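Structural overview
Okay, here's what each chain looks like letter by letter:
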Amino acid sequence: MAQSNPPFMSGVPELLLLRQLDVEEMYGYELVKKIRHVTGETISLGEGVIYPVLHGLEQSGALKARRKKVAGRTRVYYSVTAKGRKRLGKLQHEWHRIQSGISAALGA
Amino acid sequence: MLEADFENLHCHLLNAGVSPRFVRRTLTELRDHYDDLKLDIVGQGVSVQEAAHIAGRQLGKFEVIAAHVTSRKELRRWSYRYPLMGRLALPILCVAALPIAPLMAGANHAQALVRWGAILMLSGFITASLFLAMQLSISLG
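It should be emphasised that the depicted structure is a prediction, and the values quoted were computed from it without experimental measurement.

Residue and element names in this part refer to chain B. Here chain B shows a mean pLDDT of 88. Residues at 70 or above account for 99%. Here helix H6 (residues 83–108) is the element of chain B with the lowest mean pLDDT, 81, and helix H2 (residues 20–43) is the one with the highest, 93. Here the predicted complex carries an ipTM of 0.82, next to a pTM of 0.73.

A separate point is H2 of chain B. With 24 residues, H2 of chain B should cover 34 Å at 1.5 Å per step; its first-to-last C-alpha distance of 34 Å lies within 8% of that length. Residue Gly45 of chain B follows H2 of chain B closely and has a positive phi angle near 95 degrees.

What follows concerns the domain arrangement of chain B. A common way to express how large an interface is: the accessible area buried when the components associate. Domain parsing of chain B yields domain 1 (3–83) and domain 2 (100–140). Inter-centroid distance (C-alpha atoms) of domain 1 of chain B to domain 2 of chain B is 61 Å.

It is worth spelling out the side chain of His33 of chain B at this point. Summarising the element assignment, His33 of chain B is placed in helix H2. Once residues within four sequence positions are removed from consideration, His33 of chain B is found in contact with Gly28, Tyr29, Val32, Glu47 and Tyr51 of chain A together with Leu59 of chain B.

Calculation rules
- Residues numbered from 1 in each chain as written.
- Chains lettered and ligands numbered in written order.
- Predicted model: local features only at pLDDT ≥ 70, side-chain atom pairs only at ≥ 80, totals over all residues.
- Heavy atoms only, no water.
- pLDDT = per-residue confidence, 0-100.
- Helix = DSSP H or I, 4+ residues; strand = E, 2+ residues; numbered from the N terminus.
- Expected span 1.5 Å × (residues − 1).
- Domains from an automatic or database assignment.
- Contact = heavy atoms within 4.5 Å.

As structure tokens, this is what we get:
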């Protein structure tokens, strides 16, 4: 039975954020720049709307935030929790499933 | 982007029921993001005024940011997340707090209450002694 995927489609920013934060902890601006860089500027998240996504993930326990003073400025750094890694695995799996489905459709 | 825009967003989010903790966080991080953008753009040789304009555009419209924040139920105050529960639980909690409040106040001002009680007992004892003396003087003639 095919699974439906509307939550996944709205979960693309979450997938990108969790993937980057799984590599290293970052603050919002750094994260936006990193995503722009690793996606070859093909995906650019709305810069201001990244924060509600980060806060939502933090509230659900997928991320943890800590304040860190860097060069005289206090930044909020985000990192992935064990729960977040689990969610990332699930989102990645979903992404590969959809990608292979679309590739098959395009190749057909 | 003007400071007034940030203030408007602040008020809008609070009025929409977003938790004050997340409103503060959002505003602080947006301001920092805006400053970082401006600095980077100025670093590319753009004038400060032009950099502020570009940074504001890149950060996004506040209406859009506000819509994204308010659409996330988990960022709202619990009374907004569960309005029915809020309406039911809050009056019960208030009624429960009524008898507890004097006890709490008593615990916080225990020394004053002990002093007040001791003075009350002393004055009661003096009054009772005076009444007793008056009674005895009447009885014994």
